[in-house]
Amino acid sequence: MHSPNLVDDNVQKISELFPNCITEAKDENGKLKKAVDFDLLRQELSQSLVEGGQERYRLDWPGKRQAILEANAPIAKTLRPARDESVNFNTTENLFIEGDNLDALKLLQESYLGQVKMIYIDPPYNTGNDFIYEDNFAEDTASFLERSEQVDEEGNRLVTNTESNGRFHSDWLTMMYSRLKLARNLLKDDGVIFISIDDNEQSNLKKLCDQVFGNENFIGCAGRITKKSNNKGEFWSPNFDYVLTYTKDINYTRPFFGGVNFSAYNLTETEGDRKGEKYQLVRLYMSSLKNRNPEQRFWIDCPDGSKIIPPGQTFPNERPVLGDGIWRWTKDTFNKNLDRIVIKEVKSSNLLNEHKQPAKWNVFTKTYLSDVIANASAKPNSFIENCINQTGSHDIKSLGIPFDYSKPKTLIKYLMEVARIDSGDIVLDFFAGSSTTAHAVVDTNAQDNSKIQFIMVQIPEKLTDDTAEHKEALKFCVDNNIEPTIAEISKERIRRAGKQIVEDNKNKDGIGDLDIGFRVLKIDSTNMKEVYYTPDEYSQADLDNLESHIKEDRTGEDLLFQVMLDWGVPLSLPIEVKEIQGSTVYYVGIDSLVACFDTISTDLIDEISKDDPLKFVSSELAITHDQDKTNIKARFAQLSPDTQVKFI
């Protein structure tokens, strides 16, 4: 019932004539709107150079400075363990963090600074239908978030960047910038990050990553076939997306590795210095090998006393003739590598015995995977096939979970392969979704007998019945008594995938040692009470409430994980819970950190001191008198002088 907005009409007309002069800006209420860059418009309408602001090469958008501020701002939050939702909580080295990924990245800064070898993320593509995150940490309280409309009535910190608001690039860039900036800190010097993206934001993401990681650390952009056929789109029918790739420091990063069929290395060395290494057997004779080198044509003794040689027109001691078969190695090389030679009886062989008859033996050499990787020159193709989205849906649905649009497990395994991810490396995905990345890591570990660790981060985004796909997932959650969120779908997938992988490999050596567990940690407010009063505002009731500075609903294990975060202790270290002198004592990483938040006695300290822990931590509430703190430190100094003691 209003007259037309002529300004909007004029902006639209200018957009049609000069699209390069249209940008995004914030209005008086802080909301994004389409705007005209008048300096550029003046230049378009002038036949001489127009003076304006200093030009520079950079990517700018409304909210960039706020994104930088948010990335650097501290938060008063912690990670609270959820044992009942975890698998093998005490021993697993894998983590599942539930909550906003910006919070998670901040909380991981101490414990995992420079420790992650590979990051894979599949962020929102800004299609107009997906969610993005809004962040503001100026006032870290629920009331502020509600007032600023950053949460809905159920506390969800998500907004939809819809077509109606023009799918503003600024919203998306602000959301991504702070997260990528923090993620870079977690990468090892030779670590890599892979980011899946489509045409909507690919060009902006490339410029954004150039700023965060440095354009000299850009190591390529691969295309990936997403579907075999697609009849959507009015012009091109889209059936691929991109995998943008950066490294932390190009000077430390080894070239990517590809072109090797890892499954062919299906044998494991059982003895010698190379025990445990993967290898395959390769024939010493190949029919394509033909030349005049007599050093590569010699007799080889077999276990039954016979001799064998490649077929040819002549035998040794006769004049070599062009076309004679030869071994891949000379006799000297053969003799120097007898430990790599395997002579096997076979049903048929194209080798000849001393009677010039087909032999029943064949000769093989052991080719070790580690040698192939170390000397590899083959590079992976930058166009990724055989990793289509349909297989991703099959991966999760084969576990009985009806959930669409998961990335294919084969894609993550392929990226791990080319990036040379090895046992002991950490793989992080902070847009975990249904945890395809975790599934791929466990599957790779089972295949290679390796121990790659994963860290998944997923916000508990609620499932809705807006789409047929989500309706099915919603029904699955109800039928299985699971809270209907993406995070719960994700956790259930990891549980089922682990069981399935063990079952599929039950006859494989070492499968019992496979880590199929994960430690669930949930982002929550700090364990300490929040106090915002000046001294004259305190009442007696307030003072009584402050008898304990720790919130009443927090457990000793909650405090333990806050200490691990504060001290930069890896959150994946094994935890053993002991009862000593009637108190609960936590041993982290055997004796790297020992914690007790119950009442502490001299006898308890004496018992703990016998283990010479590197660090001991307790709380102020665990001591009866102020002087006890001094006595405890003195007792440790006497019995375990290298132990660092701290009270919270």
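Only a predicted model underlies this, so the values are computations on that prediction, with no experimental measurement involved.

Engineer: Before we go on, may I ask you to explain the pattern of salt bridges in this structure?
Structural biologist: It is possible for side chains bearing opposite charge to pair when their charged atoms get close. All chains considered together, the criterion is met by 38 salt bridges. The closest approach of N and O atoms between Lys 64 and Asp 60, which form a salt bridge, is 3.8 Å. The exposure class assigned to Asp 60 is partly exposed, which follows from its relative accessible area of 43%. Here Lys 413 and Asp 443 are joined by a salt bridge, their closest N and O atoms 3.2 Å apart. Of this pair, Lys 413 sits in helix H11 (residues 409–418) while Asp 443 sits in helix H12 (residues 436–448), and the two are 30 residues apart along the sequence. You can call Asp 443 buried: its relative accessible area is 16%. Among the ionic contacts, a cluster of salt bridges with common partners joins Arg 80, Asp 524, Asp 553, Arg 554 and Asp 558.

Engineer: Is there a simple way to think about the sheet that holds strand E10 (residues 240–247) in this case?
Structural biologist: Two modes of strand pairing occur in sheets, parallel and antiparallel, and in both the strands are linked by backbone hydrogen bonds. Pairing within the open sheet is mixed, and its 10 strands lie in the order E3-E23-E4-E22-E21-E5-E8-E10-E9-E20. Two strands close off the open sheet at either side, each with one partner strand: strand E3 (77–81) and strand E20 (383–384). Pairing of strand E4 (residues 95–98) with strand E23 (residues 519–525), which is carried by 4 bridges, proceeds in the parallel orientation. Within E23, the residue paired with Leu 95 across the bridge is Arg 519. Together, strand E5 (116–121), strand E21 (426–429) and strand E22 (453–458) form the strand contacts of H12, whose direction differs from that of E22 by roughly 170°. Packed onto the sheet, helix H16 (residues 556–567) meets E3 and E23 and runs at close to 130° relative to E3.

Engineer: For this particular structure, what's the right way to read the packing of H11 against H12?
Structural biologist: A pair of packed helices is captured by two measures, namely the crossing angle of their axes and the spacing between those axes. For the pair H11 and H12, the least separation of the axes is 8 Å and the interaxial angle reads 60°. The angle between H11 and H12 falls in the class oblique. The crossing of H11 and H12 is right-handed. Contact residues: H11 offers Lys 409, Ile 412, Lys 413 and Met 416, while H12 offers Thr 436, Thr 437, His 439, Ala 440, Val 441, Asp 443, Thr 444 and Gln 447. Of the residues that constitute the contact of H11 with H12, the class distribution is 4 nonpolar, 5 polar and 3 charged.

Engineer: Explain helix H10 (residues 389–397) to me, please; I cannot follow it from the model alone.
Structural biologist: Each α-helix turn comprises 3.6 residues. Residues three or four places apart therefore point the same way. Turning to H10, its buried residues number three or more, namely Gly 392, Ser 393, Asp 395 and Ile 396. Seen from one end, H10 has its buried residues packed into an arc of 155°, which puts them on one side. Residues of H10 that are exposed and angled more than 90 degrees away from the buried face: Gln 390 and His 394.

Engineer: Would you take a moment to explain the pairing of strand E8 (residues 187–197) for this structure?
Structural biologist: Counted residue by residue, E8 has 8 buried out of 11 residues, so it is predominantly covered. With 5 bridges joining them, E5 and E8 adopt parallel strand pairing. Considered in E8, the bridge of Met 118 is made with Val 192.

Conventions we followed
- Residues numbered from 1 in each chain as written.
- Predicted model: local features only at pLDDT ≥ 70, side-chain atom pairs only at ≥ 80, totals over all residues.
- Heavy atoms only, no water.
- Salt bridge = Lys/Arg side-chain N within 4 Å of Asp/Glu carboxyl O.
- Buried < 20%, exposed > 50% of the residue type's maximum accessible area, 1.4 Å probe, protein only.
- Helix = DSSP H or I, 4+ residues; strand = E, 2+ residues; numbered from the N terminus.
- Pairing = 2+ DSSP bridges.
- Contact = heavy atoms within 4.5 Å.
- Axes fitted to C-alpha atoms, helices over the stretch in contact; angles between N-to-C directions.
- Parallel < 35°, antiparallel > 145°, perpendicular 65-115°, else oblique.
- Left-handed = near helix turned anticlockwise from the far one by under 90°.
- Nonpolar A, V, L, I, M, F, W, Y, C, P; charged D, E, K, R; others polar.
- Arc of directions from axis to C-beta.

In short, shape yes, function no, at least from these values alone.
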